Amino acid sequence: MSFSQSDILKALSTVEDPDLKRDLVTLGMIKDLKVDPRKVSFTVVLTTPACPLKEKIRQDCVNAVEAVIGQDVALDITMSSSVTTLRDNAPLLPGVKNIIAVASGKGGVGKSTITANLAVSLAKAGAKVGLIDADIYGPSVPTMFNCEHEQPAVKQINGRNIIIPIEQYGVKLISIGFLAPPDSAVVWRGPMASSALKQFFSDADWGDLDYLLIDLPPGTSDIHLTMVQTVPVTGAVIVTTPQKVALADVKKGIGMFKQPQINVPILGIVENMAYFTPEELPDNKYYIFGKDGGKNLAAQYQVPFLGQIPLVQSIRESGDSGLPAALKEGPMAEAFQTLAETLARQIAIRNAGQPTALTEVAG
């Protein structure tokens, strides 16, 4: 059976990226194609290392190519990734591909817990990840990453003092909690807090990152305005709990990001503490705070619903001990991994200029 490089490319042009709805050849995702009579090899470059459809895409490639070369010719497919970005000419943080704001209108919904576990899950998948704790008055990232007593190093570059983020669990971290004594309150007016956040962007050595997550404080404040005025943000993730009192505040948060002077795309809504599941009865669900509030809100605003995270004792324990649940084995780690994969897909879809996918993902 004779075949050429163009025959292989023609076969691969029938394989579609399920999210981007275009074929792999048109998308430029096929690299290093080598063809000889006994072996065909190539690399598929996915849009994120946290791609949940990796095996499906690989199998679709196998089926398409084997239809041309048969099963007697060796087929070697390497699955790789290169995270997409729209920030190619960004003057500030040029090495950061995507900046993701994690927000909520209301405090106490577990936003920092979601942010920490998203960051760890993306890093586990192979992405380069950073996290800015932008809650100047109530920083919790140092506790959640078990580095409360760490202090970032400082180096001089062109006469400027540059902060070197602390790295923990594969995530680069900056928080005011590293720079102020643990027991002292930060009593600053808005402009001072905003100035600190600007320094986290401009005076820190973030290097090359696929995703920089920003854990925002509750509400709609100077910090939020400073963020969007300082750096172009890829999109925002909104965290809520199901009950009405939380949803009322979250609607204000969504409204803030949609304002013309802010104009940040909503990448999706996460419903945290969606239901309570006792460890000894893993199949039981008790809807303590109501049912499907976040899911219904996503439908109302026509934004993606990223998933549900249950109220489980081990998540709280993990946050307190400084070892995020995403690092452990079991259903909670899997839930956060699914959440991270879903977010990464939404970012890739957004960067490709495709309509936002609204498909629900199970928690």
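First, a word on scope: everything that follows refers to the structure included in this document. (Residues numbered from 1 in each chain as written. Predicted model: local features only at pLDDT ≥ 70, side-chain atom pairs only at ≥ 80, totals over all residues. Heavy atoms only, no water.)

Packing of helix H7 (residues 244-258) against helix H8 (residues 293-301) leaves a shortest axis separation of 11 Å and a crossing angle of 35°. With respect to the hand of their crossing, H7 and H8 are arranged in right-handed fashion. Mapping the contact onto sequence places Leu-247, Val-250, Lys-251, Ile-254 and Lys-258 in H7 and Gly-293, Gly-294, Leu-297, Gln-300 and Tyr-301 in H8. Split into classes, the residues belonging to the contact of H7 with H8 amount to five nonpolar, three polar and two charged. (Axes fitted to C-alpha atoms, helices over the stretch in contact; angles between N-to-C directions. Helix = DSSP H or I, 4+ residues; strand = E, 2+ residues; numbered from the N terminus. Left-handed = near helix turned anticlockwise from the far one by under 90°. Contact = heavy atoms within 4.5 Å. Nonpolar A, V, L, I, M, F, W, Y, C, P; charged D, E, K, R; others polar.)

Here we come to the nonpolar core. Inside soluble globular proteins, nonpolar side chains tend to come together where they are buried. One finds Leu-122, Phe-145, Val-171 and Leu-213 to be the most contacted residues of the largest nonpolar core, which totals 44 residues. Per-element tally for this core: the top contributor is helix H10 (residues 331-351), with eight residues. Setting aside chain neighbours within four positions, we find Leu-122 in contact with Ala-50, Ala-127, Val-129, Tyr-211, Leu-213, Ala-340 and Ala-344. Ile-99, Leu-197, Leu-247 and Ile-269 belong to the second largest nonpolar core, which has 39 residues in total. (Core = buried A, V, L, I, M, F, W, Y, C linked by side-chain atoms within 4.5 Å. Buried < 20%, exposed > 50% of the residue type's maximum accessible area, 1.4 Å probe, protein only.)

A few words now on the pattern of salt bridges. Scanning the entire structure with this criterion turns up nine salt bridges. One salt bridge connects Asp-203 with Arg-160, and the closest N-O pair in it is separated by 2.5 Å. Pair noted here: Asp-203 is in the loop between helix H5 (190-202) and strand S10 (211-215) and Arg-160 is in strand S7 (residues 160-164), with a separation of 43 residues, a long-range link. We classify Arg-160 as partly exposed; its relative accessible area is 41%. (Salt bridge = Lys/Arg side-chain N within 4 Å of Asp/Glu carboxyl O.)

To continue, consider the packing of aromatic side chains. As enumerated under the stated definition, the model contains three aromatic pairs in all. An angle of 35° between the planes, with centres 6.4 Å apart, marks the rings of Phe-276 and Tyr-286 as tilted. Residue Phe-276 is found in strand S12 (residues 266-276), and its partner Tyr-286 is found in the loop between S12 and H8; the two are separated by 10 residues along the sequence. The ring of Tyr-275 carries the charged tip of Lys-285 above its face, separated from the ring centre by 4.6 Å. We note Lys-291 situated over the ring of Tyr-287; from NZ or CZ to the ring centre the distance is 5.0 Å. (Phe/Tyr/Trp six-rings, centres within 6.5 Å; stacked < 30°, edge-to-face > 60°. Lys NZ or Arg CZ within 6 Å of the ring centre and 35° of its normal.)

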